[in-house]
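Observations on the model geometry
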Amino acid sequence: MTATATKSTIRPWSSVLVILLVLGGLVAVMVAGCSGTTTTTTTTLETTTSTSLETTTTTEEITTTTTTAPVFPPLISHEQDDTRFIYSGTWSTVSASKASGGSLALGDSFGCSVTIHFYGDAISWVAKTSPAYGQAKVTVDKGSAQTVDLYSASTVWAKKVWKSGTLDLGDHTVTIAWSGKKNSASTGTNLNIDAIVVSGVLTATYQEDSSSLKFTGTWKSVKSSSAAEGAYLQADASGAEVSMTFTGTRLVWVARTAPSCGQATVSVDDAPGATVDLYSSSAKAQVAVWDSGVLPLQAHTVTITWLGAKDTNSTGTAIDLDAVTVTGSLK
């Protein structure tokens with residue numbers, strides 16, 4: 001019998017293609033962030049083997065994963081009635097179908113202002129302009145006031161009347177205030193807030209009696225003219241704890257420190273608790289006794305627990321809670 005020799009050949013380009021796809025997948029995984037949206041792509045390759053007797057096709061799948069990091073700071077539009085905006089003076093709400101969200105805030109008297117605290121890198125003001133609107137003063141942090149004229153010959157709705165430009169990423173405060181002045185062509189000095197667009201996350205202070213704070217154990221309310229809103233809560237017994245869940249990037253615990261105050265532990269999510277000492281040689285009000293620092297933009301739970309321990313110089317073990325400042329919003 002005469003033996004028949006067989007020859008197996010694989011097309012060179014198939015091997016090269018496999019190598020390139022694998023390397024590309026590895027690079028994509030290495031440069032991707034640790035969190036964000038993950039996309040998995042499956043590539044099917046066919047390799048053909050030929051002999052003198054038959055042709056065989058083999059299918060091979062290569063899976064590559066690409067992770068897209070979330071965008072920060074986020075760009076969010078907030079309506080004028082957001083509870084984190086701090087209004088002063090006399091304002092009224094005007095319903096209008098053409099306004100952002102169907103309404104706007106209107107002010108036209110001395111003392112009218114709105115203050116916005118946020119962590120981010122830009123902010124802009126959306127308002128209605130018309131023949132009856134006046135001028136406002138806008139300040140960013142401790143900068144000089146800028147004049148913004150809301151007059152226009154015809155009515156324009158939901159117009160971006162002012163923007164900060166790019167700021168350093170961090171904590172900022174913006175105040176929009178009624179000036180009582182107007183363009184010579186205007187018939188009035190009205191000021192309005194329709195919406196505020198923030199490249200970042202709003203910051204607000206929540207008092208000790210906020211329903212979003214979950215207390216366990218024994219806490220008593222103590223009235224004090226030096227406390228925020230005139231009172232703070234105090235605990236000095238086993239089992240005393242308060243927890244709060246928020247969506248955002250930062251939480252600061254504001255409390256009273258004194259010669260009679262003790263220590264607490266504070267934990268964030270599943271991390272081990274840190275000891276916070278509220279002792280001070282003299283009484284001090286509204287002290288930022290603990291700061292989470294900047295956290296990932298997501299849901300977090302912070303828990304404060306009475307420890308029953310104290311500084312050697314302290315005469316007691318009580319802990320106080322006056323308020324919490326949250327960059328984000330409490331649930």
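Notes on the structure follow. (Residues numbered from 1 in each chain as written. Predicted model: local features only at pLDDT ≥ 70, side-chain atom pairs only at ≥ 80, totals over all residues. Heavy atoms only, no water.)

**Topic: the overall build of the chain**
The following threshold applies: Secondary structure elements follow DSSP: runs of H or I no shorter than four residues count as helices, runs of E no shorter than two count as strands, and numbering proceeds from the N terminus. Burial classes follow relative accessibility: with a 1.4 Å probe on protein chains only, a residue under 20% of its type's maximum area counts as buried, one over 50% as exposed, and anything between as partly exposed. Whether two residues are in contact is decided by their heavy atoms, any of which lying within 4.5 Å being enough.
For the chain, the count of helices and strands is one helix and 23 strands. Going through the 331 residues of the chain one by one, you find that 41% of them count as buried. In the chain, the share of contacts with a sequence separation of at least 24, taken over all contacts with a separation of at least 6, comes to 72%.

**Concerning the sheet that holds strand β12 (residues 191-193)**
Filter applied, for reference: DSSP-based pairing: two strands are paired if at least 2 bridges between them are found. Angular values range over 0 to 180 degrees, each being the angle between N-to-C directions of two axes fitted as lines to C-alpha atoms, with helices fitted over their stretch in contact.
In spatial order, the strands read β5-β6-β12; together these three strands make up an open sheet with antiparallel pairing. Each end of this open sheet is capped by a strand with a single partner; those strands are β5 (91-95) and β12. The mean angle between the axes of side-by-side strands here comes to 35 degrees, regardless of whether they run parallel or antiparallel. Across five bridges, the pairing between β5 and strand β6 (residues 103-107) is antiparallel. Across the sheet, the residue bridging to Ser92 is Leu106, located in β6.

**Here's the deal with the layout of surface pockets**
Spelled out, the test is: Every definition here rests on a 1 Å grid over the protein atoms only: cavities are sets of points where a 1.4 Å probe fits but cannot get out, pockets are open sets enclosed by protein on both sides within 12 Å along at least five of seven lines, and lining residues have some atom within 4 Å of a point. Grid points are joined across faces, edges and corners, and a volume is the space filled by probe spheres set on the points. When residues are grouped by polarity, Ala, Val, Leu, Ile, Met, Phe, Trp, Tyr, Cys and Pro land in nonpolar, Asp, Glu, Lys and Arg in charged, and all others, Gly among them, in polar.
A volume near 190 Å³ is recorded for the largest pocket. When the residues that make up the lining of the largest pocket are grouped by side-chain class, the tally is three nonpolar, seven polar and two charged.

**A few points about the packing of aromatic side chains**
How two aromatic rings sit relative to each other is set out by the distance from centre to centre and by the angle between their planes. Our working rule: To pair, rings of Phe, Tyr and Trp, with the six-membered ring standing in for Trp, must have centres within 6.5 Å; the planes then decide the type, stacked if under 30 degrees apart, edge-to-face if over 60, and tilted in the middle.
Under the definition given, this model contains three aromatic pairs. Their ring planes at 35 degrees and their centres at 6.3 Å tell us that Phe72 and Tyr119 sit as a pair that is tilted. With a gap of 47 residues between them, Phe72 in the loop between β2 (55-68) and β3 (75-79) and Tyr119 in strand β7 (residues 113-129) connect regions that are remote in the sequence. What makes Phe72 partly exposed here is its relative accessible area of 36%. When the centroid spacing of 5.1 Å and the interplanar angle of 75 degrees are considered together, the rings of Tyr87 and Trp91 count as edge-to-face.

**Points about the sheet that holds strand β15 (residues 220-223)**
Strand order in the open sheet formed by three strands is β15-β16-β22, with antiparallel pairing between adjacent strands. Single-partner strands in this sheet number two, and they are β15 and β22 (319-321). Shown here is a sheet whose adjacent strand axes are inclined to one another by a mean of 35 degrees, direction ignored. In this sheet, β22 lies alongside strand β16 (residues 231-235) in antiparallel orientation, the contact comprising three bridges. Across the sheet, residue Gln234 finds its bridge partner in β22, namely Asp320.

**Regarding empty space enclosed by the protein**
It is a probe the size of a water molecule, rolled over the atoms, that shows where empty space is left. On inspection of all chains with the given rule, the structure shows one cavity of 30 Å³ or more. The space that makes up the largest cavity amounts to roughly 40 Å³. In this structure, the largest cavity is lined by Ser224, Ser226, Ala227, Tyr232, Arg256, Ala285, Gln286 and Asp322. Classifying every residue of the lining of the largest cavity by side-chain character gives three nonpolar, three polar and two charged.

**A look at the pattern of salt bridges**
Note that side chains of opposite charge can pair when their charged atoms are close. The cut-off we apply is this: Throughout this description, the term salt bridge denotes a Lys or Arg side-chain nitrogen within 4 Å of a carboxyl oxygen of Asp or Glu.
As enumerated under the stated definition, the model contains four salt bridges in all. Of the charged contacts in the structure, one is a salt bridge between Asp82 and Arg84, with a shortest N-O distance of 3.0 Å. Judged on exposure class, the residue Asp82 and its partner Arg84 are both buried. For the salt bridge of Asp320 with Arg256, the shortest nitrogen-to-oxygen distance reads 2.9 Å. Of this pair, Asp320 sits in strand β22 while Arg256 is found in strand β17 (residues 241-257), placing the two residues 64 residues apart along the sequence.

**Brief notes about the pairing of β16**
Counting buried positions over the five residues of β16 gives five, a clear majority of the element. The alternating pattern of β16 places Ala231, Leu233 and Ala235 on one face and Tyr232 and Gln234 on the opposite face, and all of these are buried. Pairing between β15 and β16: four bridges, direction antiparallel. Its bridge partner lying in β16, Val222 is registered against Tyr232.

As far as function goes, none of this settles anything; it's purely spatial.
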